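Structure at a glance
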Amino acid sequence: MSRLSFILRRLGRSVFTIWFAVTVTFLLLRLLPGDPALAIASPNMTDDARAALLTQYGLDKPLIAQYGIYLFELVRGNFGTSFTQSIPVMNVLLQRLPWTLLLTFTALLLTVLVGIPLGVLAASKKGRFIDKFVQIVGVTGQSIFVPSIGVLLLFVFGLNLRWLPIGGAYDTNAYGMAWYGSVISHLILPAVSLMLIQLGSYVLTMRSTLIEALGEDYVTLARANGLPYRRILWKHALRNALLPTTTLIGLQLGFLVGGAVLTETVFAYPGIGRGIYEAVTQLDFPVLQGAFLLLAVTVVVANMLTDIVYGFLDPRVKTS
Amino acid sequence: MTSLDPLLAGATTGTAVLAEPIADSNGRASRATWRVFRRDPLGMGSMVILALLVLVALAAPLIATYPASYGTDVLKAPSLTNLFGTDSLGRDVFGEVIWGTQQSLLVAVSASFIAIVVGTLVAVLGAYFRRLDGFISIIVDLTLSLPVLPLMILIAALIGPSTTTIIGVVAAFSWPEVTRLVRSQALTVVNLPYVDAARLMTTSPFWIISRHIVPAVAPVIVVSVVVTASRAVLSAAGLAFLGLGDPTVWSWGRILYEAQQSGAMSSAWWLTLIPSIAILLLVLSATLLSIAYNDARNPRNRAR
């Protein structure tokens, strides 16, 4: 019962968050100077033509009715039509979404796989050189502008050493297994760029929560009982220190997606972020709107899944 | 304990603020903070770098002429005539970076100023008037759980790129973070006995908030000013990099955007490296400064 209600409550919160994102977007589109009709209509249109256009897009109806229609269309999966390509925005974006998911998920996985051991290392050698070094790397990573690290990697490993491809997501001439290989080799540089800027917050959070956990009574007791330090560190203290780090994933998801937009732009990676970059140059508002909503839904759903999985792993979460 | 993450430090050193006598001896506390801060090489170094950047921003017209006219020497590597080389239209990159400092600092300072004022006000009001608090924390949670950059892009594209747009958009999505930080501190302060005592002295919530609550959360505000400003630099650079910067003013993000547009981004290394270092210097020194301040403010570090 409690488990089910936990999931249902979490689901309700996600739906509420998505509704909030949709409503904010609707109000922005209607109230900001970039009038959708003006954006499609040329300024020298006659008043009649303009009025016809407004009727066609339902913009002559009262705001609340427009809002109703807007919600209804979104639920049906209709995000409008791209200004420049004259095809449904949903089609444009759904082609791109898998690439963004692949990139962000790989980056997140890399960050956790590298960040947690580094945090443990720093915490267990607290105050020593290696601890200071890890902290400095962490803080510096957080301060780097994502495209900067992207271009640096591109320059070194793509152009100079020629180890890895410099852009795109796959090799157009490869088939079968070679194609999957090309997908991986195209993924490395963008995913590592994203990892490097994310790493800092994970390492530093892991470090400080682990140091706190190592000061707890149960650690002293375990040491007094003669358990080896290594075992206490990895088995006992780490398990308790993982909770704040897991909640960090949720907090950082929005930031990660923002980073992905910039990284995809640098690497000409065919995800939603690159789509946003192209839509900005052409002022394609329906695509920008759809991209934001789709990314928002992705982040909210991913966040919910992390929480639910965590709820199953940690018995304390359900009760609180 | 020295914590390098300013956000975490803000949350965990809550007790440190309360350990200080708040009302009458603020001067003594800040002098003690300064005594410890002065001895921290990272903190002092960051402060010097920030001061230099501000100086460069203010003195930009004296250091370099505004790079407006196109030149014939296209994509020249750094040399004595062009310290940072030239871009794909033959303009002097040194001038672009110098004038870009002005724009980047302007955006960072104004956006974070607005975000701090709004964020603190909302946080303090929420902590004091508990009825508002539920609503405020819902709005803050919702905003923080959305991908903010795509939203900023949508708005900046709708309004049209200009310096005011960028400042407004960055400020509009930075205040919830400030509220989150300040609110947790304000909630502890509101429940302290001296605030109850103040309630007996006056019925004006304005008086209590401005005289008793805001001063008590001031250290958290100082830390979040720095965090917000450095995030503002990164957000503004991100918008400019996607082509949503002010097209009439040089900014570090715009240099990178034009390098990307002209396809010279990876071949002409100076076009990317120099603005990147400028962004890194500004953000890193701001972050280190806030860490050093936090450590110096912590009474546990003063016993040395």
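These remarks concern the structure in this document. None of these values were measured; they are calculated from a predicted model.

Digging into the packing of aromatic side chains
Centre-to-centre distance and the angle between the planes together describe a pair of aromatic rings. Under the criterion given, the structure shown has 13 aromatic pairs over all chains. Taking the centre distance of 5.5 Å and the plane angle of 25° together, the rings of Trp 99 of chain A and Tyr 170 of chain A count as stacked. In this pair, Trp 99 of chain A is assigned in helix H5 (residues 89-124) and Tyr 170 of chain A in the loop between helix H7 (146-160) and helix H8 (177-214), connecting sequence segments 71 residues apart. A relative accessible area of 15% means that Trp 99 of chain A is categorised as buried. Each ring, one from Phe 157 of chain A and one from Trp 163 of chain A, has its centre 5.8 Å from the other, and the planes form 40°; the classification is tilted. Aromatic rings pair up to connect Trp 99, Tyr 170, Trp 179, Tyr 180 and Tyr 269 of chain A into one cluster. When the ring centre of Trp 250 of chain B is taken as origin, the NZ or CZ atom of Arg 254 of chain B, which lies over that ring, is 3.8 Å away.

Brief notes about the interface of chain B and chain A
The interface of chain B with chain A comprises 44 residues on the first partner and 49 residues on the second. Summed over both sides, the interface between chain B and chain A buries roughly 4,200 Å², with carbon and sulfur atoms accounting for 80% of that surface. Here chain B is connected to chain A by zero salt bridges. There are two residue pairs in polar contact (both at pLDDT 80 or more) connecting chain B and chain A. Sorting the residues of the side of chain B that touches chain A by element identifies helix H7 (130-144), helix H8 (148-159), helix H12 (205-241), helix H13 (252-261) and helix H14 (269-297) of chain B as the ones contributing at least two each. For the side of chain B that touches chain A, the element with the highest residue contribution is H14 of chain B, accounting for ten residues.

Digging into helix H4 (residues 63-75) of chain A
All names here are of chain A. Its 13 residues place the ends of H4 18 Å apart at the C-alpha level, agreeing with the 18 Å of an ideal helix rising 1.5 Å per residue. Of the residues making up H4, those classed as buried are Gln 66, Tyr 67, Tyr 70, Glu 73 and Leu 74. Down the axis of H4, the buried set is contained in an arc of 130°. They therefore lie on one face. Structural note: H4 exposes Ile 64, Phe 72 and Val 75 on the side pointing more than 90 degrees away from its buried face. Once H4 finishes, Gly 77 follows within two positions and takes phi at roughly 85°, a positive value.

Description of the pattern of salt bridges
Taken as a whole and assessed by the stated rule, the structure comprises 13 salt bridges over all chains. Residues Asp 131 of chain A and Arg 207 of chain A are paired through a salt bridge, measuring 2.7 Å at the closest nitrogen-oxygen approach. One end of the pair, Asp 131 of chain A, is in helix H6 (residues 129-143); the other, Arg 207 of chain A, is in helix H8, and 76 residues separate them in sequence. Taken individually, Asp 131 of chain A and Arg 207 of chain A each receive the classification buried, so the pair is uniform in this respect. Close ionic contact of Glu 278 of chain A with Arg 274 of chain A constitutes a salt bridge, the shortest N to O distance being 3.3 Å. With Glu 278 of chain A and Arg 274 of chain A both in helix H11 (residues 272-281) and four residues apart, the pair spans about one turn of that helix. Counted as one network, the salt bridges with shared partners bring together Arg 91, Glu 96, Arg 254 and Glu 258 of chain B.

Procedures and definitions
- Residues numbered from 1 in each chain as written.
- Chains lettered and ligands numbered in written order.
- Predicted model: local features only at pLDDT ≥ 70, side-chain atom pairs only at ≥ 80, totals over all residues.
- Heavy atoms only, no water.
- Phe/Tyr/Trp six-rings, centres within 6.5 Å; stacked < 30°, edge-to-face > 60°.
- Helix = DSSP H or I, 4+ residues; strand = E, 2+ residues; numbered from the N terminus.
- Buried < 20%, exposed > 50% of the residue type's maximum accessible area, 1.4 Å probe, protein only.
- Lys NZ or Arg CZ within 6 Å of the ring centre and 35° of its normal.
- Contact = heavy atoms within 4.5 Å.
- Buried area = accessible area lost by both parts, 1.4 Å probe.
- Salt bridge = Lys/Arg side-chain N within 4 Å of Asp/Glu carboxyl O.
- Polar contact = N/O pair within 3.5 Å; in protein donor to acceptor, adjacent residues only side chain to side chain.
- Expected span 1.5 Å × (residues − 1).
- Arc of directions from axis to C-beta.

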